[in-house]
Amino acid sequence: MELYLYEIIEDYKNAFSDEEREGIFRAFCSSIWASSNKRRTRTKTIRFSIRKELLETDTGQVFRPWSVIGYNGYYSRTRDTDWCSLIRQKINNLYTRYFDRDIILNKDYIRLLQIPKQLYYQWEGGVEMTPDEASARIRAALSEAERKYTFYQKQKMQLSWNDYKQVVEGFLLKIFQTCRLLEECEDEMSCGNIYDFMNEDNFYIRYFCRSLEGAMKKWEKQYYGLRDHRAYTRCTVCGRMIEKTNNRIKYCKKCAAAVNRERSRKNIKTKRMFDLGK
């Protein structure tokens, strides 16, 4: 019979040797990676139906190719309630959010994909729209969506699943080492009356998931070679995370140098053209 998570934590904390603790931790990791709750992706769609009497009109024909727009998504939840499935789900979700470049779900990107559907219902509701106007607005929105998709891809870090597993095990080991037993903190203000609203396993599951989230955010800063406890933004060219030293900063050092070189090149070209025109 599989142990409850709180039993595993208690066994780890009460172990008599480092070897025993290592064995408990290794068995825990093996259960996580052997979980049937694998990371799964899927195709999601934005769709609408064109009324039959509008379908053969010129404007209706503009909307027809965009009545189904697909984009990559993933299963972010599990129906299973055991500790192994829930913690594995968090691990799966973190990989998708931070590393999977095929899955972009930023709100502004999704809103752009929804533009054809919104325009259709506006037109169907009586808003005047010529075929050329509808086509131009749709193509502009989807062109911007493609630009956003590429930019958000750049913001994802690069790490294989196998390398990611090693990183996560480092997170999990630190969680085991720093996690406190419930009886040690149940009388404190932050943990008082814990039994009134959740059982022991739920407490530890939530602790593990929150700790994994925090550890990944800290690891991302290390990935980009940034100091901790600073404000951050993204380079508008490459998507790299950079320290926000002022409200005007837009580029990382590498892209800033490239932008300045391009500006200098254009200024020199403009000056030569001006001199030739004299």
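Attention in this report is confined to the structure presented alongside it. (Residues numbered from 1 in each chain as written. Predicted model: local features only at pLDDT ≥ 70, side-chain atom pairs only at ≥ 80, totals over all residues. Heavy atoms only, no water.)

So, the overall build of the protein chain
The helix and strand inventory of the protein chain stands at 12 helices and 4 strands. Taking the principal axes of the C-alpha coordinates as reference, the protein chain spans close to 85 × 60 × 35 Å. Here the protein chain, with 278 residues, has 37% of them falling under the buried criterion. Only carbon and sulfur atoms are counted for the fraction: they give 48% of the accessible area of the protein chain, which is about 17,700 Å². Looking at the protein chain, you have 52 positive and 38 negative side-chain charges, and the mean spots of the two groups are 13 Å apart. (Helix = DSSP H or I, 4+ residues; strand = E, 2+ residues; numbered from the N terminus. Buried < 20%, exposed > 50% of the residue type's maximum accessible area, 1.4 Å probe, protein only. Areas by Shrake-Rupley, 256 points an atom, 1.4 Å probe, with all protein chains shown as cover. Lys, Arg positive; Asp, Glu negative; His and termini not counted. Charge placed at Lys NZ, Arg CZ, Asp CG, Glu CD.)

A word on the packing of aromatic side chains
Each aromatic ring pair is summarised here by two numbers: the centre-to-centre distance and the angle between the ring planes. The tally for this structure, following the rule as stated, stands at 25 aromatic pairs. Where Phe25 meets Phe176, the ring centres are 5.4 Å apart and the plane angle is 80°; that geometry is what we call edge-to-face. Here Phe176 lies in helix H9 (residues 161-178) and Phe25 lies in helix H2 (residues 18-33), a separation of 151 residues in the sequence. With relative accessibility at 1%, the residue Phe25 sits in the buried group. (Phe/Tyr/Trp six-rings, centres within 6.5 Å; stacked < 30°, edge-to-face > 60°.)

Notes on the pattern of salt bridges
Under the criterion given, the structure shown has 12 salt bridges. Glu22 is the salt-bridge partner of Arg26, the closest N and O atoms lying 3.2 Å from each other. Note that Arg26 and Glu22 are positioned in helix H2 at a spacing of 4 residues, about one turn of the helix. Between Asp100 and Arg39 there is a salt bridge whose closest N-O contact spans 2.9 Å. Of this pair, Asp100 sits in the loop between helix H5 (83-98) and helix H6 (107-113) while Arg39 sits in the loop between H2 and strand S1 (41-47), placing them 61 residues apart in sequence. Take Arg39: its relative accessible area is 27%, and that puts it in the partly exposed class. The network of salt bridges with shared partners includes Glu22, Arg26 and Glu169. (Salt bridge = Lys/Arg side-chain N within 4 Å of Asp/Glu carboxyl O.)

Considering the packing of helix H7 (residues 115-124) against helix H8 (residues 131-155)
Relative orientation of the contacting elements H7 and H8 amounts to 155°, with a least axis distance of 9 Å. If you check the angle between H7 and H8, you find them roughly antiparallel. Of the two possible hands of crossing, H7 and H8 adopt the one that is right-handed. Here H7 contributes Ile115, Pro116, Leu119 and Gln122 to the contact with H8, which in turn contributes Ala134, Arg137, Ile138, Ala141 and Leu142. Along the lines of polarity and charge, the residues of the contact of H7 with H8 split into 7 nonpolar, 1 polar and 1 charged. (Axes fitted to C-alpha atoms, helices over the stretch in contact; angles between N-to-C directions. Parallel < 35°, antiparallel > 145°, perpendicular 65-115°, else oblique. Left-handed = near helix turned anticlockwise from the far one by under 90°. Contact = heavy atoms within 4.5 Å. Nonpolar A, V, L, I, M, F, W, Y, C, P; charged D, E, K, R; others polar.)

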